[in-house]
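The primary structure of each chain is shown beneath.
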Amino acid sequence: MPKEQTTKKTNDIKKGEISIHTENIFPIIKKWLYSDHEIFLRELASNAFDATTKLQKLAALEDIKDLKEPNINIIIDEKKKTITFADTGLGMDAEEVEKYITQIAFSGAEEFVQKIKENDSKDKSEIIGHFGLGFYSSFMVADLVEINSKSYKKDAEAIFWSCTGSTDYTIKKSDKKEIGTDIILHINDENKEYLNETKIKDLVKKYTNFLPINIQVNGVTANEKNPLWIKTPKDVKEEDYKEFYQKLFPYNGDPLFWIHLNVDYPFNLQGILYFPKVMHELDSNKGQVKLFCKQVFVSDNANAIIPEFLTLLQGAIDCPDIPLNVSRSYLQNDPYVQKISKHIIKKVADKLNDLAKKDKNHFESIWNDISPFIKYGMMQNDDFYTKVKDIIIFESSLGYKTSIPEYLERNKEKIKDKVIYCSDKDGQATYVNMCKDQDVEVLFTHALIDTHFLQFLESKDSTTKYCSVDSELSDLLVDENKKTEVVDQDNKTNNDKLADIFKKALNNDKIKVDIKALKSTTISGMILESEHVKRMKNMSHFMQDKGTGIFDDFTLVVNNNNELVKDLMALNTSSEKEPLVTKLCHHIYDLAKMSKQPLTGEETQSFINRSNELMKELTTAKTK
Ligand code: ADP
Ligand code: MG
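Counting starts from 1 at the beginning of each chain's written sequence and moves along it residue by residue. As they are written, the chains are lettered A onward and the ligands numbered 1 onward, keeping that order. Residues qualify for local features only when their pLDDT is at least 70, as the model is predicted, and side-chain atom pairs are given and counted only at 80 or more; totals for whole chains, interfaces and linings, by contrast, use all residues. Only hydrogens and water are set aside; all other atoms, that is, all heavy atoms of the structure, feed into the side-chain values.

Draft legend 1. Spotlight on the confidence of the model for the protein. The predictor attaches a confidence to each residue, and that confidence, scored 0 to 100, is pLDDT. Across the protein, the average pLDDT comes to 84, with 83% of residues at or above 70. The contact rule is simple, with two residues in contact once any of their heavy atoms fall within 4.5 Å. pLDDT under 50 marks residues 1-11. Its contacts with residues more than four places away, or in other chains, come to 22 contacts. In the predicted structure, residues 19-23 sits below a pLDDT of 50 and forms 11 contacts with residues beyond four places in sequence or in another chain.

Draft legend 2. Local environment of the packing of aromatic side chains. What counts as a ring pair is set by centres within 6.5 Å for rings of Phe, Tyr and Trp (its six-membered ring), and what kind of pair is set by the plane angle: stacked under 30 degrees, edge-to-face over 60, tilted for all other angles. One pass over the structure, following the stated rule, counts 26 aromatic pairs. Taken together, a centroid distance of 5.4 Å and an interplanar angle of 70° make the contact between Tyr 207 and Phe 297 edge-to-face. With Tyr 207 in helix α5 (residues 197-208) and Phe 297 in strand β14 (residues 296-299), this pair connects stretches of sequence that are 90 residues apart. Relative accessible area decides the class of each residue, using a 1.4 Å probe on protein chains only: under 20% of the type maximum gives buried, over 50% gives exposed, and in between gives partly exposed. Tyr 207 sits in the buried class, given a relative accessible area of 5%. Through successive ring pairs, a cluster of aromatic residues spans Tyr 207, Phe 210, Trp 229, Phe 244, Phe 292 and Phe 297. The rule for a charge over a ring is simple: NZ of Lys or CZ of Arg within 6 Å of the ring centre, and within 35 degrees of the ring normal. Sitting above the plane of the Phe 249 ring, Lys 290 keeps its charged end 5.4 Å from the centroid. The side chain of Lys 460 reaches across the aromatic face of Tyr 385, ending 5.2 Å from its centre. Here a helix means four or more residues in a row that DSSP labels H or I, a strand means two or more in a row labelled E, and each is numbered from the N terminus.

Draft legend 3. A look at the sheet that holds strand β21 (residues 512-516). Strand order in the open sheet formed by 3 strands is β21-β23-β22, with mixed pairing between adjacent strands. Because the sheet does not close on itself, it has two edges, and the strands there are β21 and β22 (525-529). Strand-to-strand, the axes of this sheet are offset by a mean angle of 30°, without reference to chain direction. Paired strands, in this sense, are two strands between which DSSP finds at least two bridges. Two elements, β21 and strand β23 (residues 554-559), share 5 bridges in a ladder whose sense is parallel. Axes here refer to lines fitted to C-alpha atoms; in helices the fit is confined to the stretch in contact. Angles between the N-to-C directions go from 0 to 180 degrees.

Draft legend 4. Broad picture of the nonpolar core. Throughout, nonpolar core names a set of buried Ala, Val, Leu, Ile, Met, Phe, Trp, Tyr and Cys residues whose side chains join them through atoms within 4.5 Å. Judged by nonpolar contacts, the single largest core of 96 residues is most densely connected at Ile 317, Val 348 and Phe 384. At 9 residues, the largest contribution of residues to this core is made by helix α8 (residues 335-358). Val 348 has contacts with Ile 259, Leu 273, Phe 275, Leu 310, Leu 313, Phe 373 and Phe 384, leaving out every residue within four places of it along the chain. With 57 residues, the next largest nonpolar core counts Leu 44, Phe 85, Met 92 and Ile 159 among its residues.

Draft legend 5. Looking closely at the sheet that holds strand β19 (residues 443-444). With mixed pairing, the 5 strands of this open sheet are ordered in space as β17-β16-β19-β18-β20. Whereas interior strands pair on both sides, the edge strands pair on one side only; in this sheet they are β17 (401-403) and β20 (465-468). Sheet analysis places strand β18 (residues 418-422) next to β19, joined by 2 bridges and oriented parallel. If you follow Cys 422 over to β19, its bridge partner there is Phe 444. Together, β16 (393-396), β17, β18, β19 and β20 form the strand contacts of helix α11 (residues 404-411), whose direction differs from that of β17 by roughly 95°.

Draft legend 6. Main features of the environment of Thr 430. Inspection of the secondary structure assignment puts Thr 430 in helix α12 (residues 429-437). Taking relative accessible area as the criterion, Thr 430 reaches 31% and is therefore assigned partly exposed. Each C-alpha atom of the pair Thr 430 and Lys 596 lies 7.7 Å from the other, and the pair is 166 residues apart in sequence. For Thr 430, the residues in contact, after removing those within four places along its chain, are Ile 523 and Ser 595. Throughout this description, a polar contact denotes any pair of N or O atoms lying within 3.5 Å of each other; where both atoms belong to protein, one of them has to be capable of donating a hydrogen while the other can accept it, and for residues adjacent in sequence the pair is counted only when both atoms sit in side chains. A distance of 3.4 Å separates a polar atom in the side chain of Thr 430 from the backbone oxygen of Ser 595.

Draft legend 7. Looking closely at the pairing of strand β6 (residues 159-163). In terms of residue burial, β6 counts as a mostly covered element, since 5 of its 5 residues are buried. In this structure, strand β5 (residues 142-150) lies alongside β6, joined through 5 bridges in antiparallel fashion. Looking at β6, one finds that Ser 149 is bridged to Ile 159. The loop that links β6 with its antiparallel partner strand β7 (residues 168-173) comprises 4 residues; one of these, Gly 165, has a positive phi angle of about 85°.

Draft legend 8. Spotlight on the environment of Lys 436. When you line up the elements, Lys 436 lands in helix α12. In sequence terms Lys 436 and Ser 397 are 39 residues apart; their C-alpha atoms lie 7.1 Å from each other.

Draft legend 9. Focus on the pairing of strand β13 (residues 289-293). For β13, a buried count of 5 out of 5 residues is recorded, marking the element as mostly surrounded by other parts of the structure. Side chains Val 289, Leu 291 and Cys 293 project from β13 onto one buried face, and the interleaved Lys 290 and Phe 292 project onto a second face that is buried too. Where β13 meets β14, 3 bridges bridge the pair, whose relative direction is antiparallel. Its bridge partner lying in β14, Leu 291 is registered against Ser 299. Connecting β13 to the next strand, β14, in antiparallel fashion are 2 residues, including Lys 294 with a positive phi near 50°.

Draft legend 10. Layout of the packing of helix α16 (residues 563-571) against helix α17 (residues 578-594). Contact geometry for α16 and α17: axes closest at 10 Å, N-to-C directions at 155°. Comparing the axis directions of α16 and α17 gives the class roughly antiparallel. Relative to α17, α16 is oriented so that their crossing is left-handed. Side by side, α16 and α17 meet where Leu 564, Val 565, Leu 568 and Leu 571 of the first sit next to Leu 580, Val 581, Leu 584, Cys 585 and Ile 588 of the second. As a working rule, the residues Ala, Val, Leu, Ile, Met, Phe, Trp, Tyr, Cys and Pro are called nonpolar, Asp, Glu, Lys and Arg charged, and the rest polar, with Gly in that last group. Across the contact of α16 with α17, the residue classes tally to 9 nonpolar, no polar and no charged. Small angles under 35 degrees read as roughly parallel and large ones over 145 as roughly antiparallel, with 65 to 115 read as roughly perpendicular and the rest as oblique. With the far helix as reference, a near helix turned anticlockwise by less than a right angle produces a left-handed crossing, and one turned clockwise produces a right-handed crossing.

Draft legend 11. Structural context of α8. Under the 1.5 Å per step criterion, the end-to-end length of α8 is 34 Å for 24 residues, consistent within 8% with the ideal 34 Å. Every buried residue of α8 is listed here: Val 337, Ile 340, Ser 341, His 343, Ile 344, Ile 345, Val 348, Ala 349, Leu 352, Asn 353, Leu 355 and Ala 356. A helix is expected to span 1.5 Å multiplied by its residue count minus one.

Draft legend 12. Focus on α12. When we look at burial in α12, the residues that qualify are Tyr 431, Val 432, Met 434 and Cys 435. Considered in projection along α12, the buried side chains sweep an arc of 160° and stay on one side of the axis. Once α12 finishes, Asp 439 follows within two positions and takes phi at roughly 60°, a positive value. Directions are taken from the helix axis to each C-beta atom, and the arc is the one they span.

Draft legend 13. Structural detail: the packing of helix α14 (residues 494-506) against α16. Direction vectors running N to C along α14 and α16 enclose 85°, while the axes themselves pass 11 Å from each other. Between α14 and α16, the angle is such that the two are roughly perpendicular. Counted together, Asn 494, Leu 498, Ile 501 and Phe 502 of α14 and Val 565, Leu 568 and Met 569 of α16 form the full contact between these two elements. Class assignment of the residues belonging to the contact of α14 with α16 gives a composition of 6 nonpolar, 1 polar and no charged.

Draft legend 14. Structural context of unusual backbone geometry. Of the consecutive residues Tyr 265 and Pro 266, the connecting peptide bond is found in the cis state with omega at 0°. Even without being a glycine, Asp 66 presents a positive backbone phi close to 55°. The topology assignment puts Asp 66 in the loop between α2 (39-61) and β3 (71-77).

Draft legend 15. Region of the structure containing the pattern of salt bridges. In what follows, salt bridge is the name for a side-chain nitrogen of Lys or Arg lying within 4 Å of a carboxyl oxygen of Asp or Glu. The final tally for this structure, using the stated rule, is 36 salt bridges. For Arg 535, the salt bridge identified is with Glu 458, shortest N-O distance 2.8 Å. Of this pair, Arg 535 sits in helix α15 (residues 531-539) while Glu 458 sits in helix α13 (residues 447-460); the two residues are 77 residues apart in sequence, bridging distant segments of the chain. For Arg 535, a relative accessible area of 8% puts it in the buried group. We note a salt bridge from Asp 514 to Lys 516, for which the minimum N-O separation is 3.2 Å. Several salt bridges share partner residues, and in doing so they unite Asp 590, Lys 593, Glu 603 and Arg 610 into one network.

Dropping the structure here:
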C-alpha cells in the first residue's frame with residue numbers, strides 16, 4: 001500500500017502529517033502492549049546504543065570533530081515529569097528524522113498492526129523492536145515525545161521534533177550544540193511510576209545490563225557493561241565464570257561447571273550455560289536461561305531455543321539472528337532454531353564427555369547432582385542419548401564407579417550381556433552379599449529414577465538385560481557340580497522330594513518352591529521375585545497390593561547345599577518327626593522372607609512362637 005506524506009513549510013517550522021491506511025497506530029500500541037510498558041527503556045536504550053556504535057564506525061573512516069565517548073544518560077526530572085535519553089551517537093538531521101522516525105516507523109507500524117490482527121501473540125514485546133517500531137514504544141508511557149538532535153554531519157542544523165501521540169508532528173530548529181540525540185518523554189499520569197530513579201535503574205539492570213556502553217541514570221553509571229559471553233573462551237578464567245554467574249543469579253552457590261557457547265558460523269550464537277548445584281527437582285529451575293539479542297535482554301527464558309531438558313540449566317544466550325517476531329510454537333519448528341538447539345545439545349554432551357574423560361574425579365564428585373538431569377535428557381532426546389550413553393555411571397558392589405560398557409567388559413566372562421542391579425541396599429543386602437562372596441558385581445540403582453531409566457536402556461539396546469539381584473539367580477551362585485540328579489524308582493529326584501516336603505509343610509499352592517545347590521552354604525532359603533513384578537513394585541512405590549495378588553508372584557529357593565536342609569531330608573524319613581519338619585520348613589521360609597523385608601505382625605507372632613518351641617525342643621533333646 002502506498003504511503004502518503006504531506007509536509008507544509010511555514011518559516012522554519014515544518015508541520016507534517018502522516019497518513020497511514022490502517023488505523024491510528026498509537027491506540028493500538030497502547031492497547032496491545034499494555035502489559036509490557038517497561039520495554040520502552042529497552043527500545044530507547046538500544047537505539048541510543050546503535051547510534052553511538054554507528055558514530056564510532058564512521059569516526060574510523062572520516063574525521064569527526066568533537067567526538068565524545070559513547071555514553072547514554074537517562075535523566076529523570078520528577079517536576080517536569082520527563083525522562084530524557086541523552087546519547088552521544090551520530091544524531092539526526094531534519095531529513096533523517098522524517099525518514100527514519102516517521103516514514104519508516106509507520107511503514108513498520110502497518111505491518112505490525114497486520115501481524116497483531118493475524119495472531120494474538122503473547123510475545124508482543126518481542127515483536128515491537130523488530131518492526132522498526134522501537135521508537136514508538138515511548139508512546140506507551142508518554143503523551144508527548146520530543147527529539148532534540150544534532151547530526152555528526154558537517155554544518156548540520158540541530159533539530160527539534162515533537163509529537164503528541166497523534167499522527168501530527170512538528171519539526172523546528174534547535175540550539176543543541178553537541179552531536180547526539182536527546183529523546184524526551186513527557187510521562188503520562190498512568191505511568192508516573194517510571195519517574196523514579198530506582199525503578200529506572202532496575203530496568204537498566206534488567207534490560208541493558210550487558211550492553212557494552214556506559215548507561216547512566218542521572219549521571220551515575222548503572223550497568224555492568226561487558227557480558228562475559230562475548231569474550232573468547234580461552235581468555236576467560238574460572239573465577240570470571242563464577243563471578244558472572246553470581247551477577248546473573250545472585251543468591252545461588254557456585255555452579256558445578258559451565259559451557260561457553262561461541263559460534264559465528266553457520267549461525268550466530270553466544271552464551272554461557274551453567275549447571276547449577278541443585279538439579280534434583282526436575283522442574284523447579286525452569287526458565288533460567290536468559291535470552292539476549294545483541295546483548296539486550298529479551299526474555300527470562302530461552303525455552304523456545306533450547307531443548308526442554310536443558311531449560312533446567314542457568315545462564316544466558318545471545319542469539320542475534322533469531323526471528324523474534326513469531327510465536328514460540330512456530331520458533332520451535334523453525335529449521336534455524338532447530339539447528340541452534342542441536343548445536344547446544346551437542347555442546348552439552350561434548351562437555352560432559354570431556355569431564356568424564358579428562359577430569360574423572362570431578363565428574364564422579366558431581367555425578368549425583370547431575371545424573372537425574374542426564375538420565376532425563378537421554379530419555380527426552382535421542383541425539384543426547386547417543387552422545388552420553390557411555391558415560392553414565394553407577395556405583396558397584398565391588399567399589400567401582402562404573403559405566404555400563406565398563407561393567408559388561410569387566411564381567412563378560414561371568415555374566416554375559418547381563419547387568420545385575422540392586423535398587424534397595426538394605427532390603428537386598430543378603431542377595432548383594434551372596435553375590436559379593438562369589439565375586440559377582442552388582443550395580444546400585446535408585447528405585448524411583450532408575451526403574452524407568454533401565455527399562456529405557458533396554459528399549460534402546462536389547463542385547464543387554466537388567467536383572468534385579470533378587471529376581472534372578474545367576475548361574476554363578478549355583479554349584480554346577482551338583483546339578484545332575486539321580487531319579488529313583490518313583491521317578492523322582494531328591495530335589496523333587498525336598499520340594500514336596502516344603503509344599504506339604506507350607507500348605508500353600510501360591511508358593512513356588514525351587515531346589516538349588518547354592519555355592520553359599522550358610523543360606524538355607526531365599527525369595528526370588530520375577531523381574532517384571534520387581535519393576536512394577538519399584539514404579540508404583542506407593543501403590544499397595546490391595547489383594548490383587550500381582551505382587552505374590554515369587555519363588556522360594558531352598559538351598560540343598562545347606563546342612564540344615566540336608567538334615568531335613570533325613571528327618572523326614574520318620575513320621576514321628578513330621579511336626580518338627582513342618583516347623584523347620586516354615587522357619588526357613590520366614591527367614592528367607594525376613595532377609596528381604598520385615599514380616600507382618602501376624603507372621604512375626606508365629607515366628608516368635610515357633611522359635612520358642614524349637615528352642616525348647618533343642619534343650620529337651622540335650623537334657624535327655
Ligand atoms: P529500529 O531501531 O528497529 O530501526 P526504531 O523505531 O527503534 O526502529 O528506530 C527507527 C530509526 O530511528 C532507527 O533505525 C534510527 O535510524 C533512528 N533513531 C532512533 N533513535 C535514534 C537515536 N537515538 N539516534 C540516532 N538515530 C535514531
Ligand atoms: Mg530500535
